[in-house]
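Here is what each chain is made of, one letter per residue.
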Amino acid sequence: MDEKGDDAVIEIEEVKSLCRQSKIKWSGHASARMQQRGISQDDVKNCIMKGEIIEQYPDYWLNPACLIFGYSVNNKIIHIVVGLDNYIHIVTAYYPSEEKFEADMKTRKER
């Protein structure tokens, strides 16, 4: 990750490396939402390891953050928002909807 603050860009390989080291912190919000949505920690880890970054949030309040597109262990498309420092901070995880995303589930619809 670039250390320039506003120009910070998260690279998926860095996220994967931290995931392999189990350097993951689960927020209370993320854990509650995951439980409500039937998304497991294994689903999130699978999404990270096989996924791709589709949006960057360099000015996120916690740390630079990004949106990762990937798949659950049951091959359902999921999105996760993660912040990054020396750990992956799981902000939330959800199943994307066609209301907000194009059919590829990667492109956010214009409002």
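Residues numbered from 1 in each chain as written. Predicted model: local features only at pLDDT ≥ 70, side-chain atom pairs only at ≥ 80, totals over all residues. Heavy atoms only, no water.

### A few points about the sheet that holds strand S3 (residues 65-71)
Thinking step 1. Strand order in the open sheet made by the five strands is S1-S5-S4-S3-S2, with mixed pairing throughout. Sheet topology places strand S1 (24-26) and strand S2 (52-57) at the edges, where each strand pairs with a single neighbour. The mean angle between the axes of side-by-side strands here comes to 30°, regardless of whether they run parallel or antiparallel.
Thinking step 2. Where S3 lies against strand S4 (residues 77-84), seven bridges are found, and the strand directions are antiparallel. The residue bridging Ala-65 from the neighbouring strand is Gly-83, located in S4.
Thinking step 3. Lying over the sheet, helix H3 (residues 41-50) contacts S1, S3, S4 and strand S5 (88-94), oriented at roughly 100° with respect to S3. (Pairing = 2+ DSSP bridges. Helix = DSSP H or I, 4+ residues; strand = E, 2+ residues; numbered from the N terminus. Axes fitted to C-alpha atoms, helices over the stretch in contact; angles between N-to-C directions. Contact = heavy atoms within 4.5 Å.)

### Let's talk about the packing of aromatic side chains
Thinking step 1. Summed over the entire model, instances satisfying the criterion amount to one aromatic pair.
Thinking step 2. Ring centres of Phe-69 and Tyr-71 lie 5.6 Å apart, and the angle between their planes is 80°; on these two criteria the pair is classed as edge-to-face.
Thinking step 3. Across the ring face of Tyr-87, the terminal group of Lys-23 is positioned such that the distance to the ring centre comes to 5.9 Å.
Thinking step 4. Here Lys-25 stacks its cationic end above the ring of Tyr-87, 4.3 Å away from the centre of that ring. (Phe/Tyr/Trp six-rings, centres within 6.5 Å; stacked < 30°, edge-to-face > 60°. Lys NZ or Arg CZ within 6 Å of the ring centre and 35° of its normal.)

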